[in-house]
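Take a look at the letters that make up each chain.
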Amino acid sequence: MILNILKHSLRALNRQKGYVFINIVGLSIGIACSLIITLFIANELSFDQFNEKKDRIYQLVLNGKIGGQEMNASSTCAPIGPTMLKELPEVEDINRINTWGETIVKYNDKSFTENAFIESDSSFFNIFSIPLLSGDKKSVLNAPHKLVLSKSTSNKIFGKEDPIGKALKIGTDSILYTVTGVMVDFPKNSHLDANMIGSFVTNGRANDSQWTSNSFGTYVLLKPHSDPKQVDTKLIGLIKKYVGAEIQKYLGITLEDFFSKGNKYRMYLQPLTAIHLNPAIQQESKAPNDPKYLLIFGSIAFLIILIASINFMNLSTAQSSRRAKEVGIKKVSGSSRGMLIWQFISESIILTFISLIFAILIIKFSLPFFNNLLQTSLELNFFDSWVVVPSLILLSVFVGLLAGSYPAFYLSSFSPYVVLKGALRNSMKNGKLRSVLVILQFTISIILIIGSTIMFHQINYMVNKNLGFNKEQLIVISRAEAIGNRVKAFKESIGRIPGVMKISASTAVPGHNNNNNGYMMEGRGGETYLLQTAWVDYDFFETYDIKLSSGRNFDESHATDKNACLVNERAVKKFDINTPLAARIINPSNDPSKPDYLPIIGVVSDFHFESLRNEVGPYLFKFKKEDNNWGYLSIRLSSSASSNTIKEIEKVWKDFTFNDPLQYFFMDKDFERLYREEKQSATLSVLFTFLTILIASLGLFGLTSFTIEQRTKEMGVRKAMGATVSSLFFLISKEIIVLVSISTLIAWPIIYFISKNWLQNYYYRIDLPIFDFILGFIIAITIALITISYRTVKSAMVNPSESLRYE
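Residues numbered from 1 in each chain as written. Predicted model: local features only at pLDDT ≥ 70, side-chain atom pairs only at ≥ 80, totals over all residues. Heavy atoms only, no water.

**A closer look at the overall build of the chain**
Here comes step 1: When helices and strands are counted, the chain shows 23 helices and 22 strands.
Here comes step 2: Looking at the chain residue by residue over its 807 residues, the buried ones come to 53%.
Here comes step 3: Considering only contacts in the chain between residues 6 or more positions apart, those separated by 24 or more positions represent 79%. (Helix = DSSP H or I, 4+ residues; strand = E, 2+ residues; numbered from the N terminus. Buried < 20%, exposed > 50% of the residue type's maximum accessible area, 1.4 Å probe, protein only. Contact = heavy atoms within 4.5 Å.)

**Comments concerning the pairing of strand 17 (residues 565-568)**
Here comes step 1: Burial of strand 17 is two-sided: the residues Cys565 and Val567 facing one way and the residues Leu566 and Asn568 facing the other way are all buried.
Here comes step 2: Direction of pairing for strand 17 relative to strand 19 (residues 596-604): parallel, over a ladder of 4 bridges. If you follow asparagine 568 over to strand 19, its bridge partner there is valine 604.
Here comes step 3: Relative to strand 20 (residues 619-623), strand 17 is paired through 3 bridges, and the arrangement is antiparallel. Note that in strand 20 the partner of cysteine 565 across the bridge is lysine 622. (Pairing = 2+ DSSP bridges.)

**Here's the deal with the pattern of salt bridges**
Here comes step 1: Under the criterion given, the structure shown has 24 salt bridges.
Here comes step 2: The salt bridge partner of arginine 56 is glutamate 92, with a shortest N-O separation of 2.9 Å. Separated by 36 residues along the polypeptide, arginine 56 in the loop between helix 2 (17-45) and strand 1 (57-66) and glutamate 92 in strand 3 (residues 91-107) bring together distant segments of the chain.
Here comes step 3: In the salt-bridge network here, residues are joined through shared partners; they are Lys491, Lys502, Asp537, Asp539 and Glu542. (Salt bridge = Lys/Arg side-chain N within 4 Å of Asp/Glu carboxyl O.)

**Focus on the packing of aromatic side chains**
Here comes step 1: As enumerated under the stated definition, the model contains 34 aromatic pairs in all.
Here comes step 2: Arranged with centres 5.3 Å apart and planes meeting at 75 degrees, the rings of phenylalanine 369 and phenylalanine 370 form a pair that is edge-to-face.
Here comes step 3: Of the residues examined, phenylalanine 369 reaches a relative accessible area of 44% and is grouped as partly exposed.
Here comes step 4: Under the relative-accessibility criterion, phenylalanine 370 is labelled buried at 5%.
Here comes step 5: A centroid spacing of 6.4 Å and a plane angle of 40 degrees characterise the contact between phenylalanine 540 and phenylalanine 621, whose relative ring orientation is tilted. (Phe/Tyr/Trp six-rings, centres within 6.5 Å; stacked < 30°, edge-to-face > 60°.)

**Describing the nonpolar core**
Here comes step 1: In this structure, Tyr544, Phe621, Met667 and Phe688 are the most contacted members of the largest nonpolar core, which totals 108 residues.
Here comes step 2: When residues of this core are assigned to their parent elements, the largest contribution, 14 residues, is made by helix 13 (residues 432-464).
Here comes step 3: The residues touching methionine 667, leaving out its near neighbours within four places in the chain, are Phe469, Lys471, Leu474, Val476, Val509, Pro510 and Tyr544.
Here comes step 4: Counting 31 residues, the second largest nonpolar core, distinct from the first, contains Leu60, Ala73, Ile239 and Ile247. (Core = buried A, V, L, I, M, F, W, Y, C linked by side-chain atoms within 4.5 Å.)

**A few points about unusual backbone geometry**
Here comes step 1: A positive phi angle, near 60 degrees, is found at histidine 145, a position not held by glycine.
Here comes step 2: Given the relative accessible area of 14%, histidine 145 is considered buried.
Here comes step 3: One non-glycine residue, arginine 479, lies in the positive phi region at around 60 degrees.
Here comes step 4: Mapped onto the fold, arginine 479 is located in the loop between strand 12 (474-477) and helix 14 (487-495).
Here comes step 5: By relative accessible area, which is 7% here, arginine 479 ends up buried.

**Looking at the packing of helix 14 against helix 17 (residues 643-657)**
Here comes step 1: It is at 10 Å that the axes of helix 14 and helix 17 come closest, and there the two elements cross at 155 degrees. Between helix 14 and helix 17, the angle is such that the two are roughly antiparallel. Helix-helix and strand crossings are classified by hand; for helix 14 and helix 17 the assignment is right-handed. Taking contact as the criterion, the partners of Ala489, Phe490, Ser493 and Ile494 in helix 14 are, on helix 17, Ile649, Val652, Trp653 and Phe656.
Here comes step 2: In terms of residue class, the contact of helix 14 with helix 17 is made up of 7 nonpolar, 1 polar and no charged. (Axes fitted to C-alpha atoms, helices over the stretch in contact; angles between N-to-C directions. Parallel < 35°, antiparallel > 145°, perpendicular 65-115°, else oblique. Left-handed = near helix turned anticlockwise from the far one by under 90°. Nonpolar A, V, L, I, M, F, W, Y, C, P; charged D, E, K, R; others polar.)

**A word on the pairing of strand 19**
Here comes step 1: In this structure, strand 16 (residues 548-551) lies alongside strand 19, joined through 3 bridges in antiparallel fashion. Bridge pairing in strand 19 places glycine 551 opposite glycine 602.
Here comes step 2: Pairing of strand 18 (residues 584-587) with strand 19 involves 4 bridges; the strand directions are antiparallel. Its bridge partner being in strand 19, arginine 584 is matched across the sheet by proline 599.

**Focus on the side chain of serine 28**
Here comes step 1: Position of serine 28 among the secondary structure elements: in helix 2.
Here comes step 2: Excluding residues that lie within four positions of it along the chain, serine 28 makes contacts with Ser355, Phe358, Ala359 and Ile362.

**What to know about helix 17**
Here comes step 1: The end-to-end C-alpha separation of helix 17 is 21 Å, in line with the 21 Å expected for 15 residues at 1.5 Å each.
Here comes step 2: Buried residues belonging to helix 17 abut strand 3, strand 12, helix 14, strand 13 (500-506), strand 21 (632-637) and strand 22 (664-666).
Here comes step 3: A positive backbone phi angle near 55 degrees is found at phenylalanine 658, which sits one or two residues after helix 17. (Expected span 1.5 Å × (residues − 1).)

**What about the confidence of the model for the chain?**
Here comes step 1: Within the chain, residue pLDDT values average 85, and 89% of them lie at 70 or more.
Here comes step 2: Low pLDDT (under 50) marks residues 5-15, which in the prediction has 22 contacts with non-local residues, meaning those over four places away or in another chain.
Here comes step 3: Every residue in residues 426-430 is under pLDDT 50, and counting partners more than four places away or in other chains gives 15 contacts. (pLDDT = per-residue confidence, 0-100.)

**Side note on the side chain of threonine 645**
Here comes step 1: Structurally, the position occupied by threonine 645 is in helix 17.
Here comes step 2: Take threonine 645: its relative accessible area is 5%, and that puts it in the buried class.
Here comes step 3: Leave out the neighbours within four places in its chain, and threonine 645 touches Ile497, Pro498, Gly499, Val500 and Leu637.

**Points about the packing of helix 3 (residues 80-87) against helix 6 (residues 228-251)**
Here comes step 1: Packing of helix 3 against helix 6 leaves a shortest axis separation of 12 Å and a crossing angle of 115 degrees. As for how helix 3 packs across helix 6, the hand of that crossing is right-handed. The residues of helix 6 that touch helix 3, namely those facing Ile80, Thr83, Met84 and Glu87, are Val231, Leu235, Leu238, Lys241 and Tyr242.
Here comes step 2: Looking at the contact of helix 3 with helix 6, its residues break down into 6 nonpolar, 1 polar and 2 charged.

**Remarks on the environment of glycine 484**
Here comes step 1: Inspection of the secondary structure assignment puts glycine 484 in the loop between strand 12 and helix 14.
Here comes step 2: Residues glycine 484 and phenylalanine 656, 172 residues apart in the sequence, show an inter-C-alpha distance of 9.1 Å.

Structure below.
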């Protein structure tokens, strides 16, 4: 029986080639898009799942609030991990990590730039499931200046040589590191990334006992069956015991008094597998992704499949008059309704399987594009897991049932008497369900059109907004510490290069902040304030073209300026500093009786040093002394500067650093990096919107073709009575105009609500532009009319004598 149903289904499909083609194209695109989105979502959800002990690994998070400024960060103090291991019985092991980022590695006379160097405790390979290819996991990082390389980094530096025992110079460290192990490359779906791991005990602050200096990541491995909530509770006691003592020492107040002023200081555990999709916590490693985009793209995947299925339903029911006689004859011949239902559902499932094959081909050729866009490594591997092939089969069956169930029940319901009598007529005019489905298709399309437009307007606003500093013609050299204490001489040499206008040194630059420190203010008791902090030289504000609203810049002629500071307008406003130029900031010191005063000598106009997602926060600028040599060197170029200017800068750099590679970036391009996720999402939205419209247009084209075929005689009569081509075009298109208009009215409030909520993620945002909503309607109606115009105009131009012979 099943074989007989399949045979009839294949014969029926063979007689409907145009209908089959349109459905296969629509379903293939729909399934391909949905599978790509599914791969992306699955990849995001798989982060850190490869760790065998993932259910027992937690990241320690600092939640602090000082002076109204709150932060959630993965930065912790050096002693908290070892203390937890010693005092909390639930803790099996701990691991501390210090992220370096880019550094220079030298082997003999060769130099390499490595952008993923970290320092870690010797427990790393006990906690994380990163296999060692050579070396003992207990000893590879148990002493200073030991180093583990990834396999690819080992091949890059040593080629086929055995790296074990070889010596490498890392950064500016005068003591060489010894390679003690080689590990497999980090998986792409790890929130951590490292090409080289140095021993944490090499770091001068590894044994630091200060609890209020938070610079390192700390991971905790709990014993089996331990409750992380109990550990969180016990962390309160550790904070009270150790942090309370330091607050008393530095601020002269008790921890209870500190909390009573609205401040907060606590530590808690975050599950390892939650890190990648929790953007609320600042990470030193890979930036987390926002899970709301997974929801957005998951919804788009479902909507694309839904639109492709609607096409199937519409085209199946639209051509019902063609198949009515077939149904009538089969029923008269003894076929039951159930047999007919299974035949029609079989047709849809066969079409879906064929579409799945084409979808897989589309994915195969388009994945490199998506991997490049998303900066990931998506793969469709059929045999990596036993669930892949069954899942694809189930997807085909699901889509087949979704698309084919209604047409199957609808077509099989025809009465043989009505059909064979010739009384059955269907058209768009009386096909109410088809009209509803067309409205649904265009509602989805208009939502995606308007949503994509609003996304691009917000991104364009963020990229082009006045940031309060001039990011154009500005290059930034990282690793300023490579110059040592010769920054002044370096600046003088660079300043003589044609095309260089200004150069400055600083520990932070916009988009690359590295210090968030607590301060007090003279005359305000023990009240504390949290400010982003940067050490800058005399030329910083001029180099960045940052204006001062009052006071003055650091001045070389004022010797006391080296112990002064500047603050931004936001700090003045937030902390109610009425006369800022008469105020003094207090830098907490080891001896509360001898406070370190920082007189405010100037107020800087607010500028954006972070993404526009965040409000401009309080900022404090200290003077950068010559022995404070880490950070960045920023160079302002003239508009006439050329590639030769960069080459001259590189030449001077190599002279000062004994041939180190020059690592630099352009500030304007780097600042756009902050909006990478938004740009990716907007590009994907536009792409999937285009494909959604394409699928809907294919269905509309097919639907129009069937409608015109059914109204051929009517159009011939109208033309014989004097109707023009334009009036016939309006006759056919007016229903489409009405349906798209209804779709627009439905889509507008939905996309208004979605967009309003999405824009709440940005402190600095656009107002919802009315024109974008109108544009969505214009684009939709234009595409709809273009889609039906060819078939409609062609039919309207046919000679009436031929049209009247049609039926």
